[in-house]
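Spelled out, the chains give:
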Amino acid sequence: MSLPEILRKNLRLPVVGSPLFIVSNPDLVIAQCKAGVVGSFPALNARPADQLAVWLKRINEELDRHNQENPDRPAAPYAVNQIVHRSNARLQHDIEVCVEHKVPIVITSLGARTDLNDAVHSYGGITLHDIINDRFARKAVEKGADGLIAVAAGAGGHAGTLSPFALIQEIRQWFDGPLLLSGSIASGDGVLAAQAMGADMAYIGSAFIATVEANADERYKQCIVDSRAEDIVYSNLFTGVHGNYLRPSIVQMGLDPDNLPESDPSKMDFGSGGNTDAKAWKDIWGCGQGIGAVKEIQSTADLVARLEREYQAARQRVLGA
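Residues numbered from 1 in each chain as written. Predicted model: local features only at pLDDT ≥ 70, side-chain atom pairs only at ≥ 80, totals over all residues. Heavy atoms only, no water.

Considerations on the layout of surface pockets
Step number 1: By volume, the second largest pocket is sized at about 240 Å³.
Step number 2: Forming the boundary of the second largest pocket are 13 residues, of which Asn67, Ala75, Ala76, Pro77 and Pro104 lie nearest the centre.
Step number 3: Per-element accounting of the lining of the second largest pocket gives the leading share, five residues, to helix α2 (residues 51-69).
Step number 4: Grouping the constituent residues of the lining of the second largest pocket by class yields eight nonpolar, three polar and two charged. (1 Å grid on protein atoms, 1.4 Å probe; cavity = no way out; pocket = protein on both sides within 12 Å on 5 of 7 lines; lining within 4 Å. Points joined across faces, edges and corners; volume = space filled by probe spheres on them. Helix = DSSP H or I, 4+ residues; strand = E, 2+ residues; numbered from the N terminus. Nonpolar A, V, L, I, M, F, W, Y, C, P; charged D, E, K, R; others polar.)

Some points on the side chain of Asp231
Step number 1: As for its position among the elements, Asp231 is in the loop between α9 (218-226) and β10 (232-235).
Step number 2: The charged side chain of Asp231 is buried without a salt bridge, its nearest counter-charge being Arg247 at 5.1 Å.
Step number 3: Each residue touching Asp231, except ones within four places of it in the same chain, is listed here: Tyr245, Leu246, Arg247 and Pro248. (Buried < 20%, exposed > 50% of the residue type's maximum accessible area, 1.4 Å probe, protein only. Lys, Arg positive; Asp, Glu negative; His and termini not counted. Salt bridge = Lys/Arg side-chain N within 4 Å of Asp/Glu carboxyl O. Contact = heavy atoms within 4.5 Å.)

Describing the packing of helix α1 (residues 26-35) against α2
Step number 1: Two numbers describe how α1 lies on α2: the axes approach to 10 Å, and their chain directions differ by 30°. The angle between the axes of α1 and α2 places the two elements in the roughly parallel class. Considering only the axes of α1 and α2, their crossing is right-handed. For the pair α1 and α2, the contacting residues are Pro26, Asp27, Val29, Ile30, Cys33 and Lys34 in the first and Trp55, Arg58, Ile59, Glu62, Leu63 and His66 in the second.
Step number 2: Looking at the contact of α1 with α2 residue by residue, the classes come out as seven nonpolar, one polar and four charged. (Axes fitted to C-alpha atoms, helices over the stretch in contact; angles between N-to-C directions. Parallel < 35°, antiparallel > 145°, perpendicular 65-115°, else oblique. Left-handed = near helix turned anticlockwise from the far one by under 90°.)

Given below as structure tokens:
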């Protein structure tokens, strides 16, 4: 399995920080890249739409300055997530802005489009596509995605139900390209385990919410520190797509997490933000099952340093290397 150069150079760890709706902002992305992991954000986080160009200009300039000042430890690349769903009226605009600024990595979700992949390839960028099963993985590659992000059971936000063992195993039977794994990874041990299963990199989201730089309510951050896997609720009520959410945030909105109604997926609307008065991700907090490893709110640099220590210790323990 070979990775494109952009996913090999300048990385301290084989990790991509997943794009977190509302939470991921330039401060978090820049901190992730400087710390040596791929930082990312959803294009829709930049509001209004003209802010996307402002964000990209700032990220590019700050990372370029960092690289000039730290030639021995340059920053990792960054990524922008595009929601490829018919309700995203900004999609074409946001693609054009990403092309103009030559975003190195574009992550696509909820739909695969050949024209989007072609646009990113036109300037030398790569695309990674979120999938929850083998069927969607094949469709994404057929439409030109360079790599896949296997979103397995336990992942934060919109998540699948398949075991990571089963999902990675099926994809690797036919796909030898870049493959990332998402689902309950919040430790260096988990990063190594993802590679042992056959993935190239780990895709980590929830742990980065509980960082100083993240644009999240302090109660949200503390709830992640205080919660465990049993506090995660899987529901499609809030966006029309099944996802994982923190139980306390559901309770505080006056809802019963054990008796949530089913939503109509046809009403999924990423322009309005959800299907209930309690909005994901502002009121109902997305989170994955791996948060038991998150013990404190800390800087992104300190979190990545912890992940690296754990990763190296796990390699030594398992591989003797």
